[in-house]
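Letter by letter, the chains look like this.
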Amino acid sequence: MCRNGDRIITPRVCDLIYAKWVVVLGLAVLFGQQSLAGGRGVAWPVHVIDSGLSGGDGVRLLDVDNDGDLDLAVGWEQSGVSRLYLNPGCVPEVRGKWPVIGCGAAPAVEDAMMADVDGDGRVDVVSCTEGGNKRVLVHFAPIRGDYADSAAWSTAEFPKNLAGDRKWMFAIALDVDEDGHLDIVAGGKGAGSKVAWFESPKRNKRDLSRWRFHEMSNAGWIMSVIAQDMDGDGDRDIVVSDRRPEGWLEGARWLENPAPDGDQRGLWTNHFISEPGDHADFMDLADMDGDGDLDAIVPCKDPDRIDWYERLDASGVNWTKHEIAFPPNMGRSKGVRVGDIDLDGQLDIVLSCASASNPLSGMVWLEYETSVLDAVWIEHEISGADGSKFDRIELIDLDGDGDLDAMTTEENFGDDSLGIGVIWYENPKFDPSTAER
């Protein structure tokens, strides 16, 4: 028996009281955690594709083995390597560790993307590096034999006398001059940095000294590089987000492709989307207002916020700004991705953050209540308090259940600061007709 004041309580009643207080305390902890996250609900289940290396930096998708599933490239900055991950393509395997290919050494790698650089029909990997390396590297897949044999891969770098001694942050593959050969467009960081394109030779593409280097624009710290026809003239322009002042170039902007009348090998005309001076991180393009053209969604710092810029006409020159309040109890703004997360036919925004140590959250998704012009959007949890430095986001249905999951890297969490690694958060499938918001 136990005593409650002057009352004697039987063991059975005592157990019930104890159980009640366990429940009460559990609810207090649960709701206390939720209140720290702004009442956003519970985190999504997280699945680790790879961990154990240091500094997983960004995710890029492409089907490298032609099996219909998107595979993944990741650069591990502090470990100094780039890796490919082959999508298992089925449940439950997709929720576990993915088969990995070690593409090669990439000191201080900031970005790893996939493209058939040498035109041999096998997808290679391009690494952008900063630190003391300051090179764009190409990891060539084996021409014959086992594609997954890491030992058969080889690495080459664009020589210093071609591209200069510059830090590189992000790259895409694009046939800039439309000659049938894939070129590389890359953006850099720091003093003397550029947005530039590496022009592919028609033969002997593995000899990187045969490529030609063309400056397109000065740069401060390039985060995003997106190929998109911004002025409706039939060629693809280059959209960038730039987060560090370099003259007057900080912000979200696009570079106008001079083709067909101008010289693509000279500087490209710059057009601002955002206000000059904005600290712009990983941005996205999407038709936010449903009028048939692409708007720009730009996460910014100083202060942290999400701006989206409504395109006003087909020229791509005229934009108007709409600001979305930054969610409370988050880290610092890092990246956005737009998609219909809850399957209600309306676009939502997934936000990632850095500097998001517990109890702050590093990833949430946002939906509007009335219209995309709402100044405050409703926030919902994705990551919870685990994680600190999240990066670029990809939205992809990995488990085949019809909704979009969120893939990213987390590179600076835990006592050893290795980070959670390459991860994806499983969307708890929403039924718009019954799901509570």
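One structure accompanies this document, and this report is about it. Note that the structure is predicted; figures quoted are calculated from it, not measured. (Residues numbered from 1 in each chain as written. Predicted model: local features only at pLDDT ≥ 70, side-chain atom pairs only at ≥ 80, totals over all residues. Heavy atoms only, no water.)

### Some details on the sheet that holds strand S27 (residues 363–367)
And then number 1: Strand order in the open sheet made by the four strands is S25-S26-S27-S28, with antiparallel pairing throughout. Looking along the sheet, the strands with just one partner apiece sit at the ends: strand S25 (332–339) and strand S28 (378–381). Looking at each pair of strands side by side, their axes are set apart by 30 degrees on average, direction ignored.
And then number 2: With four bridges connecting them, S27 and S28 associate as antiparallel partners. (Pairing = 2+ DSSP bridges. Helix = DSSP H or I, 4+ residues; strand = E, 2+ residues; numbered from the N terminus. Axes fitted to C-alpha atoms, helices over the stretch in contact; angles between N-to-C directions.)

### Quick word on the pattern of salt bridges
And then number 1: Evaluation of the coordinates by the stated rule reveals 30 salt bridges.
And then number 2: Arg 243 serves as the salt-bridge partner of Asp 281, at 3.6 Å between the closest nitrogen and oxygen. Note that Asp 281 is positioned in the loop between strand S20 (279–280) and strand S21 (284–286) and Arg 243 in the loop between strand S17 (237–242) and strand S18 (251–256), a separation of 38 residues in sequence. With respect to burial, Asp 281 and Arg 243 carry one shared label: buried.
And then number 3: For Arg 305, the salt bridge identified is with Asp 278, shortest N-O distance 3.0 Å. With Arg 305 in strand S23 (residues 305–311) and Asp 278 in the loop between strand S19 (269–272) and S20, the pair connects residues that are 27 residues apart, well separated along the chain. Comparing Arg 305 with Asp 278, the two get one shared label, buried.
And then number 4: Through salt bridges with shared partners, one network takes in Glu 275, Asp 278, Arg 305, Asp 307, Lys 321 and Glu 323. (Salt bridge = Lys/Arg side-chain N within 4 Å of Asp/Glu carboxyl O. Buried < 20%, exposed > 50% of the residue type's maximum accessible area, 1.4 Å probe, protein only.)

### Here we look at the nonpolar core
And then number 1: Counting residues in hydrophobic clusters, the biggest one holds 20 residues, and the most contacted among them are Phe 158, Trp 168, Ile 184, Phe 198 and Trp 211.
And then number 2: For this core, the secondary-structure elements that each account for two or more residues are strand S8 (109–115), strand S9 (124–129), strand S10 (136–140), helix H2 (160–163), strand S12 (167–174), strand S13 (183–189) and strand S14 (194–199).
And then number 3: No other element matches S10, which puts three residues into this core.
And then number 4: The contact partners of Trp 211, leaving out residues within four places of it in the chain, are Val 117, Phe 158, Leu 162, Leu 182, Asp 183, Ile 184, Phe 198, Glu 199, Ser 200, Pro 201 and Lys 205. (Core = buried A, V, L, I, M, F, W, Y, C linked by side-chain atoms within 4.5 Å. Contact = heavy atoms within 4.5 Å.)

### So, the side chain of Glu 410
And then number 1: Mapped onto the secondary structure, Glu 410 falls in strand S30 (residues 405–410).
And then number 2: From its side chain, Glu 410 meets the backbone nitrogen of Lys 389 in a polar contact 2.8 Å long.
And then number 3: Setting aside chain neighbours within four positions, we find Glu 410 in contact with Gly 387, Ser 388, Lys 389, Phe 390, Leu 418, Gly 419, Ile 420, Gly 421 and Ile 423. (Polar contact = N/O pair within 3.5 Å; in protein donor to acceptor, adjacent residues only side chain to side chain.)

### Focus: the pairing of strand S5 (residues 71–76)
Both faces of the sheet carry side chains from a regular strand, because those side chains alternate between them.
And then number 1: Taken across its six residues, S5 has six buried, putting it largely inside the fold.
And then number 2: Side-chain alternation along S5 places Asp 71, Ala 73 and Gly 75 on one buried face and Leu 72, Val 74 and Trp 76 on a second face that is also buried.
And then number 3: As paired strands, strand S4 (residues 56–62) and S5 are joined by five bridges and run antiparallel to one another. If you follow Leu 61 over to S5, its bridge partner there is Leu 72.

### Quick look at the sheet that holds S30
And then number 1: A sheet is described by the order of its strands in space; here four strands give the open sequence S3-S31-S30-S29, paired in antiparallel fashion. A strand with exactly one partner marks an edge of an open sheet, and here the two such strands are strand S3 (46–50) and strand S29 (394–396). Averaged over all adjacent pairs, the angle separating strand axes in this sheet is 30 degrees, with direction ignored.
And then number 2: Sheet analysis places S30 next to strand S31 (residues 421–425), joined by five bridges and oriented antiparallel. From the neighbouring strand, Ala 406 faces S31, where its bridge partner is Tyr 425.

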